[in-house]
Each structure stands twice: as C-alpha cells, then as structure tokens.
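# Notes for the structure review
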Amino acid sequence: MRRARVIIDLAKISHNSRIMVSKCAQAGMIVVGVVKAVSGSPEVATAMLDGGVQWLADSRIENLTRLRQAGLQQTLMLLRTPHLGEVEQVVATADISLNSELATIRALGETACRQGKVHQIVFMVDVGDLREGVMPDDVMPLVHEIALVPGTELVGLGTNVGCYGGLVPTPENTTIICDLAKEIREKIGLDLPYLSGGNTRTSILLDDGGMPPGLHHLRLGEGILLGNYTLDGRKIPGSYQDAFILQAPVIELKTKPSRPQGVIARDAFGQIPAYEDKGLRRRAIVAVGRQDLGAGWLIPLDQGVEILGASSDHLIVDICDAVHDIEVGSILSFRLDYGSLVGLMTSPYVDKVHLLSGIELSP
Ligand SMILES: *Cc1c(COP(=O)(O)O)cnc(C)c1O
C-alpha cells in the first residue's frame, strides 16, 4: 500500500497557463507564474513556461533558489518584501523584488554594489487591502529617495489585493498605481516599465473589460494551478480545476454511531465539535490529516463519499452512500483548495507524482 500522494498533471497546468496568458495578452500584459503554493516546484514552473508564462515568482527566496538550481534562466521575482537577513541571497538569485521599506531597499542596494549587480525594485502600493505596501499619499516622497539608492533601479510600482483583507479588485483601486506612475514619469522622469497589477483575483477584471491600460503583468498562482478566481470560487472558463489530485489509502473501515458517545469537549484543535445524529454509519479513516492539509480542505472525487472531519493524521469519511466498494487499502481521491494545495505540496509525508501523459479528462 502506498502512502498519500499528490498527482500533478503538468499538461493541465500548461493548458491553464495558456488560457491566462492569452487573456492577459489581449490586455497587453505578460503573465508572471507564481509557484509559492507548490514550494517552488521546478516541474510546475516548467509546465507554466510551456504554457507561455514569461517570468516566475515566489514569496520565499529558498524557492527561487530551487528554480535557479534546476537551471531555469527566466526572470525571477521575489514577492514578499525581503527581510534584512536574506538580502545577500535575494540579490544573488532574484532579478526583481517587491519592496515597501526604504531601509530594505538600501540594504539591497549596498549588497548589489558589493556583488557588482543592479537589483530591480518594484515599489508596492497599498490600495486598501492592508497587507504590504505604502499608502498612496506616501508614494511620491519615498520614490524620490528610492530613485537615489545606488545598486538599485526602481523599475515599477505594484499592488496586491484580496490575500489579507479580502478586498475586491476594481478598475478604480487597480488604476491607482497607473495614476501614480504617470505622476512619477512626469515629475521625476523615471520610466517605470513594470507596473505589476495584482494576483489571480485581479484577473477577473479582464473578463468585463475593467483592466486599466498600461499594466505590464499580473502575478498568477491560484488561477493557473487550480483554475479558479479565488474571489468567489468561480471557475475560470476552459480551465481545469483538477491539475492536482490527492490520493490516500483507507486504513480503517467500521460501522459506528454518528455522534461521539458521552460528554463532548474540545477536539485536538481547540474546537468543540457538533455532530448530527444520523444513526449507525459506515465510515473510513484515510491516512492523511490536518498536518498535511494546512489551512485547507479537500473535495472528495469518489461519488457518495463525504468528509466528516480530520485530526492531525486521520481523515474521517462517511462512505454509506459510496458508489464503489471501499476496503482497507482502497485509495480515495480528492480535489484540493488553495490551503490544502499549499499544505500537501509542503508536507514531507506526501509524495509528489508528476503526470506528463497529457489530458485525459475534459474540463
Ligand atoms: C501569492 C501572491 C501572488 C499570487 O497570488 P494568487 O492568488 O495565487 O494568484 C501574487 N502577488 C503576491 C504579492 C503574492 O503574495
């Protein structure tokens, strides 16, 4: 019996990439493929490149280093503002980084001078999501200073919405960086070729013509990997939602009551669970748990299988209505959400299997 594994269909990832690349191209943008949800997998990155993605990006410098070590030559962008302890590695490995602190930009500049390089900076503007970036009113004075930091080149402005605050991208909040760039070009004469418009959520503006002109790229992870818009779970038309499938073995199969017997207090994660009494039910335990799923969850692919809950290492499923016979040793399959994709791809207890065989299922 094999242990839990994620089957990664690289052809589907290339297909999904092509869809986003052609949507973005219509708005004059390239796609930066974001691989942080897959631990910077070079295989997934290569599948994205096959689908027309031009640059690659990740939040973790370790993952960008992994891509370089795998021989990938493309422009690499670091998404998370570097911390002062990693500037050496950032300058050595990343071509561009997203930044929001002058002190860090100065440290990058000093390091770049020492390494005989010029490090490119995209300055992040917070248009309301309240994660990284300076508030729009503070951009102009800071840009004057950043433009003077030796060893760096200010090549653009960027913005990111939704990841923390859940903010919905609009033409109005997306265009803020375009307006600021116009002002900077006029007043300081900087070129700012790389206006970095946002993540998968922002790509929704492509569908209703609301994407402001003048952006250079979008940074897309989830839209390519899972084929949905993040915002409301809506599917991206023509994309696959099952490029990643978890397969995990059944390790116990019993008929048990559907409510725990006796007094119920907190579970392993501090929650007080509530269970509906459906009488005796046939249930299976699958050998995967919250330790592997991170902040995410699974969607069963076997018809009639319903997830009841999970502890660190056990996933409990109701199989009363399962269409296929399930035995100890059977393998159950699940689709992933963003949280479980991140968790499973990071878990050392879960094997990663790449499928090159082409597309078998229609989207
Ligand atoms: C994670 C991240 C992205 C990609 O987000 P998706 O929702 O996966 O497209 C883009 N930009 C930044 C700054 C990020 O942190």
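Here, the structure is the one placed above.
Predicted model only: the values in this text are computed from it and were never measured.

## Here's the deal with the pattern of salt bridges
Tallying each qualifying case throughout the model produces 14 salt bridges. Glu-88 is paired through a salt bridge with Arg-114; the nearest N and O atoms lie 2.7 Å apart. Note that Glu-88 is positioned in helix H4 (residues 87–93) and Arg-114 in helix H5 (residues 102–115), a separation of 26 residues in sequence. We classify Arg-114 as exposed; its relative accessible area is 59%. Residues Asp-321 and Arg-281 are paired through a salt bridge, measuring 3.8 Å at the closest nitrogen-oxygen approach. One end of the pair, Asp-321, is in the loop between strand E13 (315–318) and strand E14 (331–336); the other, Arg-281, is in strand E10 (residues 280–286), with 40 residues separating them in the sequence. Of the residues examined, Asp-321 reaches a relative accessible area of 52% and is grouped as exposed. Relative accessible area serves as the criterion here: at 16%, Arg-281 is assigned to the buried category.

## Re the environment of Ser-41
Considering the arrangement of structural elements, one finds Ser-41 in the loop between strand E2 (30–34) and helix H2 (42–50). Expressed as a C-alpha distance, the spacing of Ser-41 and Met-345, which sit 304 residues apart in the sequence, is 8.9 Å. Those residues in contact with Ser-41, other than ones at most four positions away along the chain, are Val-35, Arg-66, Leu-67 and His-354.

## What about the environment of Ser-39?
If you trace the backbone, Ser-39 turns up in the loop between E2 and H2. Accessibility expressed as a relative area gives 17% for Ser-39, which makes it buried. Beyond its immediate sequence surroundings of up to four residues, Ser-39 is in contact with Asn-63, Arg-66, Met-345 and Thr-346. Within the local environment of Ser-39, its side chain forms a polar contact with the backbone oxygen of Met-345, the two atoms lying 3.5 Å apart.

## A word on the packing of helix H6 (residues 139–146) against helix H7 (residues 171–188)
The axes of two packed helices give the description: the angle between them and the distance between them. Where H6 meets H7, the closest approach of the two axes is 11 Å, and the angle between their N-to-C directions is 50°. Classed by the angle they form, the pair H6 and H7 counts as oblique. Judged by the twist between their axes, the crossing of H6 over H7 is right-handed. Two secondary-structure elements touch here, H6 through Val-139, Met-140, Val-143 and His-144 and H7 through Leu-180, Glu-183, Ile-184, Lys-187 and Ile-188.

## Comments concerning helix H3 (residues 61–69)
Every buried residue of H3 is listed here: Ile-61, Asn-63, Leu-64, Thr-65 and Leu-67. On its buried face, H3 is in contact with H2, strand E3 (55–58), strand E4 (76–78) and H4. In the stretch just after H3, Gly-71 is the one whose phi turns positive, near 95°.

## Focus on the sheet that holds E3
The strand order across the open sheet formed by seven strands is E7-E6-E5-E4-E3-E2-E8, and the pairing between neighbours is parallel. Edge positions in the sheet fall to strand E7 (152–158) and strand E8 (217–220), since each has one partner strand and no second. The mean inter-strand angle of the sheet, taken between neighbouring strand axes irrespective of direction, is 30°. Sheet analysis places strand E6 (residues 119–124) next to E7, joined by six bridges and oriented parallel.

## A short note on the side chain of Asp-318
In this fold, Asp-318 is placed in strand E13. Residue Asp-318 is classed as buried on the basis of its relative accessible area of 4%. There is a polar contact of 2.9 Å between the side chain of Asp-318 and the backbone nitrogen of Cys-320. The residues contacting Asp-318, other than those within four sequence positions of it, are Arg-281, Arg-282, Arg-283, Gly-304, Val-305, Glu-306 and Leu-308.

## Re the pairing of strand E9 (residues 244–257)
In terms of strand pairing, strand E1 (residues 5–9) meets E9 through four bridges, oriented antiparallel. What sits directly across from Ile-8, in E9, is Phe-244. Here E9 runs beside E14; their pairing, made up of five bridges, is antiparallel. The partner of Leu-246 across the bridge, within E14, is Phe-334. Bridge count between E9 and E10: seven bridges; the pairing is antiparallel. Each bridged residue has a counterpart across the sheet, and for Lys-254 the counterpart in E10 is Arg-283.

What counts, and where the lines are drawn
Residues numbered from 1 in each chain as written. Predicted model: local features only at pLDDT ≥ 70, side-chain atom pairs only at ≥ 80, totals over all residues. Heavy atoms only, no water. Salt bridge = Lys/Arg side-chain N within 4 Å of Asp/Glu carboxyl O. Helix = DSSP H or I, 4+ residues; strand = E, 2+ residues; numbered from the N terminus. Buried < 20%, exposed > 50% of the residue type's maximum accessible area, 1.4 Å probe, protein only. Contact = heavy atoms within 4.5 Å. Polar contact = N/O pair within 3.5 Å; in protein donor to acceptor, adjacent residues only side chain to side chain. Axes fitted to C-alpha atoms, helices over the stretch in contact; angles between N-to-C directions. Parallel < 35°, antiparallel > 145°, perpendicular 65-115°, else oblique. Left-handed = near helix turned anticlockwise from the far one by under 90°. Pairing = 2+ DSSP bridges.

The quantities given are spatial measurements derived from coordinates; they are silent on function.
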